[in-house]
Amino acid sequence: MKALRVHEGLVAPMDRANVDTDLIIPKQFLKSIKRSGFGPNLFDELRYLDEGQPGQDCSNRPLNPDFPLNFPRYQGASVLLARENFGCGSSREHAPWALEDYGFRCVIAPSFADIFYNNCFKNGVLPVALPAAQVDELFEALYANEGYRITVDLEQQEVLLADGRRWSFPVDDYRRQCLLEGLDDIGVTLKSGAAIRAYEDKLRGRSPWLFSSEAGA
Amino acid sequence: MPGKTLYDKLWEAHLVEEREDGSALIYIDRHLIHEVTSPQAFEGLRLAGRTPWRLDANLAVPDHNVPTGSAERAGGVAGIIDSTSRLQVQTLDDNCEQFGIEEIPINDRRQGIVHVVGPEMGATLPGMTVVCGDSHTSTHGALGALAHGIGTSEVEHVLATQCLVQQKMKNLRMRVDGRLALGVTAKDLALAIIGEIGTAGGTGFAIEFAGEAVEALSMEGRMTLCNMSIEAGARMGMIAVDDVTIDYVRGRPMAPKGDQWELAVAAWGDLHSDADAVFDHEVCIDAASVAPQVTWGTSPEMVAAVTDLIPDPAAMSNTGQREAAVRALSYMGLSGGAPITSIPADRVFIGSCTNSRIEDLREAAAIVRGRKKADSVKQAMVVPGSGEVKAQAEAEGLDRIFLDAGLEWREPGCSMCLAMNADKLGKGEHCASTSNRNFEGRQGFGGRTHLVSPGMAAAAAIAGHFVDVRDFQGEPS
Ligand code: SF4
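Predicted, not measured: the structure shown is a model, and the values here were computed from it.

**Q** Sorry, what's going on with unusual backbone geometry here?
**A** Excluding glycine, residues mostly have negative phi values, and the peptide bonds linking residues are mostly trans. All names here are of chain A. With phi around 50 degrees, Phe43 is a residue other than glycine that occupies positive phi space. As for its position among the elements, Phe43 is in the loop between α1 (21-24) and α2 (44-47). Owing to a relative accessible area of 0%, Phe43 belongs among the buried residues under this scheme.

In structure tokens form, the structure reads like this:
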């Protein structure tokens, strides 16, 4: 996983509540058995006027001129500004894969769906939850200023605005540490291998039917 | 010290290690696997040179991509026409074989939707932690299990370590007092709850469903209710273990037997919240006030009673809600103020992990028996949740009832719930669907999904538009 400590970048809007994972990456692209290459199909149904197919070259598809990500001013954006309950719906990790592959390193919203929030951290995308009033203010600033950029500092857990203000945001320590250092969290867990074995031994004594060899005949 | 909630008990029983940073290592008893969210996880194991921690905790089954037409299905994996779907199912077979994981293959009689198969096989048991790379894993909480969906990185994590790094959720009790009226089902209750608390209402919580109406539900009804916890924003929903649970589990193929069964039942006796348990939040719903529900928009919270009108955005005071409603109605091709019953049903889909169990099929069959599908309905498909459900339905003659009424009787799988296989809506078509999500494009590009119960879907197939299922009770005249 790519580490993230401080990220500075151009902001783009996704100005609607309850953006679901089907909207972030439609299901036909879930048929891939790879982890990469989902970027061109991020928000596929909003971004293009036709129906996208997996494996298709997206460079010749008709773009939806009304969709902000297609506006020249947002090209190269790496911070997505969104509304409540972003990422609701399925557990598909293809959603953060698509965001990351497109070039987003950070999503700012008032709230996120639980599974999506968790999946982001595993893929080097930082979800930042800010109070709704602050998100409103960011939307206003973003619309008013072409080329609006922002800095997100995971180390300090702060969003830095152009005018010098700093807004803090919550992140739990474990996720923060993994993202700061780009840790392989399976490797971290395997360091607790002895504790897992000890737990399993206790479990086998307490609930032997959970182990197929002992479920009874 | 106050008592513990069911969730507290399940959490504590699976705690391997608590860490200083507030996270915890939680042991996973059952890991269910399907073809869509696992290939990258197996690939990750291979790249890191890792092997599964404990093989017998895993069970795999293909469901999302399998064709449900009998001709295509007969050819097995090799017969899947869509090459990307075929590759994904084949990849699951290959990975299970390579890593030694038990898989129920495509044309095995036990194959089906992973959330139907787990409880049906007894692979999901009370008191377990159950995870799967699929958000509707919440279904299994109906058995008094701690069950939730995970992403692909976590699928790999569970395969490699049998554990997950978790933060404890807060406790929410959803108490449903009184009894559901005749013709009103667990699906209507689930939709009414989402209408009440919204699709983010349960975010950050583990929901426990309780109260008279929940206790009165069958095990299958409880699964329908827990299934849609995720649509209410909660990763997990659960219900205390009682006699209904024990009776359901008894005799299932993978359930404990003999002495082990006695031991297990004794242990499961504690799987309920203590009387003095404290919940962070509680919501109360009056069951008697719930009518059959129909969603009119593009989020499950956009729902109304079938007897109601489609809401008028102009009357909404909250700007965000109004804008969302305007956008949704425009996508759905509907206008506020029109009766719900004026919405046509171009297609009907009875199936999905929410509503494809035998009781769901009986409910639908009771409505269409002796009646005919409306000519205006282009297609009405019934897709059983598993091969076992299909066999049971055929033994009861339900397949004949559906076929005689002009509905299609298909092979088990996810089918048009997500439309990853060939079963899809056309652009602009309205669908009466027993599935769980009505997001834009979910059932096909430009398709318009209305979530309903199996009885309501069946009634729509007959009437050609949405209609109160309670008008269809009894024999056709
Ligand atoms: S039936 Fe639908 S919701 Fe359930 S697992 Fe399949 S695709 Fe997901």
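Once the structure has been displayed, the description carries forward.
**Q** I tried to follow the site of the ligand on my own but got confused; where do I start?
**A** All names here are of chain B. Taken together, His64, Ile113, His115, Asp134, His136, Ser352, Cys353, Cys414, Cys417, Leu418, Asn436 and Arg442 make up the full set of residues near the ligand. Counting atoms within 2 Å of the grid points, the majority share of the ligand lands in the largest cavity. Of the residues in the shell around the ligand, the class split is five nonpolar, five polar and two charged.

**Q** I would appreciate a short explanation of the layout of surface pockets in the present structure.
**A** Empty space left among the atoms is revealed by rolling a probe the size of a water molecule over them. Of the voids in this model, the largest pocket is the one considered here, and its volume is about 880 Å³. If you trace the largest pocket, you find 37 residues lining it, with Asn18 of chain A together with Glu301, Gly320, Gln321 and Ala324 of chain B closest to the centre. If you list the elements that add at least two residues to the lining of the largest pocket, you get α7 (186-197), β13 (303-305) and α12 (319-332) of chain B. If you add up the space inside the second largest pocket, you get close to 700 Å³. Lining the second largest pocket are 30 residues, with Met1, Arg35, Lys122 and Asn123 of chain A together with Ser153 of chain B sitting closest to its centre. Mapped by element, the contributors of at least two residues to the lining of the second largest pocket are α3 (94-102), α4 (114-121), α6 (173-181) and α7 (185-190) of chain A together with α2 (39-48) and α6 (152-161) of chain B.

**Q** How do you make sense of the packing of α2 of chain B against helix α4 (residues 83-99) of chain B when you look at a structure like this?
**A** Angle between the axes and distance between the axes are the two parameters that describe a pair of packed helices. All names here are of chain B. As a packed pair, α2 and α4 sit with axes 10 Å apart at the nearest point and diverge in direction by 35 degrees. In terms of crossing hand, the pair formed by α2 and α4 is left-handed. Contacts between α2 and α4 involve Pro39, Phe42, Leu45 and Arg46 from the former and Gln88, Thr91, Asn95, Gln98 and Phe99 from the latter.

**Q** Honestly, helix α14 (residues 387-395) of chain B in this entry has me stumped. Any pointers?
**A** Working note: α-helix, 3.6 residues per turn, so residues spaced by three or four point in the same direction. All names here are of chain B. Every buried residue belonging to α14 is among Gly387, Val389, Lys390 and Ala393, and all of these are buried. All buried residues of α14 project into a common sector of 160 degrees when viewed along the axis, lining one side. Residues of α14 that are buried sit in contact with α5 (114-121), α13 (358-368), α15 (398-404) and β16 (408-409). The backbone nitrogen of Glu388 lies 3.3 Å from a side-chain oxygen of the residue at the head of α14, namely Ser386. Backbone geometry just downstream of α14 places Gly397 in the positive-phi region, at approximately 80 degrees.

**Q** Even after reading the chapter, I still don't get the side chain of Thr139 of chain B, so can you show me in this structure?
**A** Residues and elements named next belong to chain B. Mapped onto the elements of the fold, Thr139 is located in the loop between β5 (129-132) and β6 (146-149). Residue classification places Thr139 among the buried residues on the basis of a relative accessible area of 0%. Separated by 3.1 Å, the side chains of Thr139 and Asn227 make a polar contact. Excluding residues that lie within four positions of it along the chain, Thr139 makes contacts with His115, Met223, Cys226, Asn227 and Arg357.

**Q** Explain the interface of chain B and chain A here, please?
**A** Many descriptions give the size of an interface as the accessible area lost when the pieces come together. Each partner contributes residues to the interface: chain B has 74 residues there, and chain A has 62 residues. The largest contributions to the chain B side of the interface with chain A come from Gln40, Trp53 and Phe445 of chain B, which together make up 13% of the buried area. Here Asp22 of chain A ties to Arg442 of chain B by a salt bridge, and the two come within 3.4 Å at their closest N and O atoms. At the junction of chain B with chain A, the criterion picks out 33 residue pairs in polar contact (both at pLDDT 80 or more). When contributions to the side of chain B that touches chain A are tallied by element, the ones reaching two or more residues are β1 (15-18), β2 (24-27), α2, α4, α6, β7 (163-166) and α11 (258-268) of chain B. Ranked by residues supplied to the side of chain B that touches chain A, first place goes to α6 of chain B with seven residues. Split by residue class, the side of chain B that touches chain A holds 29 nonpolar, 27 polar and 18 charged.

**Q** Teacher, can you tell me more about empty space enclosed by the protein here?
**A** Residues and elements named next belong to chain B. For the coordinates displayed, the defined rule picks out four cavities of 30 Å³ or more. Of the voids in this model, the largest cavity is the one considered here, and its volume is about 230 Å³. What lines the largest cavity is a set of 22 residues, and nearest its centre among them are His64, Asp134, His136, Leu418 and Arg442. By volume, the second largest cavity amounts to about 90 Å³.

**Q** I keep staring at the confidence of the model for chain B and nothing clicks. Help me out?
**A** Predicted coordinates in regions of low pLDDT should not be interpreted in detail. When pLDDT is averaged along chain B, the result is 96, and 99% of the positions lie at 70 or above. Confidence metrics for the complex model read pTM 0.94 and ipTM 0.93.

**Q** It is not clear to me how the sheet that holds β16 of chain B should be interpreted in this structure. Could you clarify?
**A** One key point about sheets: their strands pair by backbone hydrogen bonds, in either a parallel or an antiparallel sense. Residues and elements named next belong to chain B. The five strands are arranged β16-β15-β14-β17-β18 in an open sheet whose pairing can be described as parallel. Lying at the two open borders of the sheet, with one neighbouring strand each, are β16 and β18 (448-451). Bridge analysis of strand β15 (residues 379-382) against β16 gives two bridges, and the strand direction is parallel. If you follow Val382 over to β16, its bridge partner there is Trp409.

**Q** What is the right way to look at the pairing of strand β5 (residues 149-153) of chain A in this model?
**A** It is a general feature of regular strands that their side chains alternate between the two faces of the sheet. Residues and elements named next belong to chain A. For β5, a buried count of four out of five residues is recorded, marking the element as mostly surrounded by other parts of the structure. Relative to strand β6 (residues 158-160), β5 is paired through three bridges, and the arrangement is antiparallel. Paired with Val152 across the two strands is Val159, which belongs to β6. Here β5 folds back onto β6, and the loop between the two strands holds four residues, one of which, Gln157, carries a positive phi near 55 degrees.

**Q** Looking at this structure, how should I read the packing of α7 of chain B against helix α9 (residues 219-227) of chain B?
**A** All names here are of chain B. Packing of α7 against α9 leaves a shortest axis separation of 8 Å and a crossing angle of 25 degrees. Accordingly, the angle class assigned to the pair α7 and α9 is roughly parallel. Note on packing geometry: the crossing formed by α7 with α9 is right-handed. On α9, the residues touching Ala186, Lys187, Leu189, Ala190 and Ile193 of α7 are Gly221, Thr224 and Leu225. The residue makeup of the contact of α7 with α9, split by class, is five nonpolar, two polar and one charged.

**Q** Just checking my understanding: could you explain the sheet that holds β1 of chain B for this structure?
**A** Residues and elements named next belong to chain B. On the basis of which strands lie adjacent, the open sheet formed by three strands has the order β1-β2-β7 and antiparallel pairing. Two strands bound the open sheet, and with one partner strand each, they are β1 and β7. When strand polarity is set aside, the average angle formed by the axes of neighbouring strands in this sheet is 20 degrees. Alignment of β1 against β2, held across three bridges, turns out to be antiparallel. Its bridge partner lying in β2, Leu15 is registered against Ile26.

What counts, and where the lines are drawn
Residues numbered from 1 in each chain as written. Chains lettered and ligands numbered in written order. Predicted model: local features only at pLDDT ≥ 70, side-chain atom pairs only at ≥ 80, totals over all residues. Heavy atoms only, no water. Helix = DSSP H or I, 4+ residues; strand = E, 2+ residues; numbered from the N terminus. Buried < 20%, exposed > 50% of the residue type's maximum accessible area, 1.4 Å probe, protein only. Near = heavy atom within 4 Å. 1 Å grid on protein atoms, 1.4 Å probe; cavity = no way out; pocket = protein on both sides within 12 Å on 5 of 7 lines; lining within 4 Å. Sits in = over half its atoms within 2 Å of the grid points. Nonpolar A, V, L, I, M, F, W, Y, C, P; charged D, E, K, R; others polar. Points joined across faces, edges and corners; volume = space filled by probe spheres on them. Axes fitted to C-alpha atoms, helices over the stretch in contact; angles between N-to-C directions. Left-handed = near helix turned anticlockwise from the far one by under 90°. Contact = heavy atoms within 4.5 Å. Arc of directions from axis to C-beta. Polar contact = N/O pair within 3.5 Å; in protein donor to acceptor, adjacent residues only side chain to side chain. Buried area = accessible area lost by both parts, 1.4 Å probe. Salt bridge = Lys/Arg side-chain N within 4 Å of Asp/Glu carboxyl O. pLDDT = per-residue confidence, 0-100. Pairing = 2+ DSSP bridges. Parallel < 35°, antiparallel > 145°, perpendicular 65-115°, else oblique.

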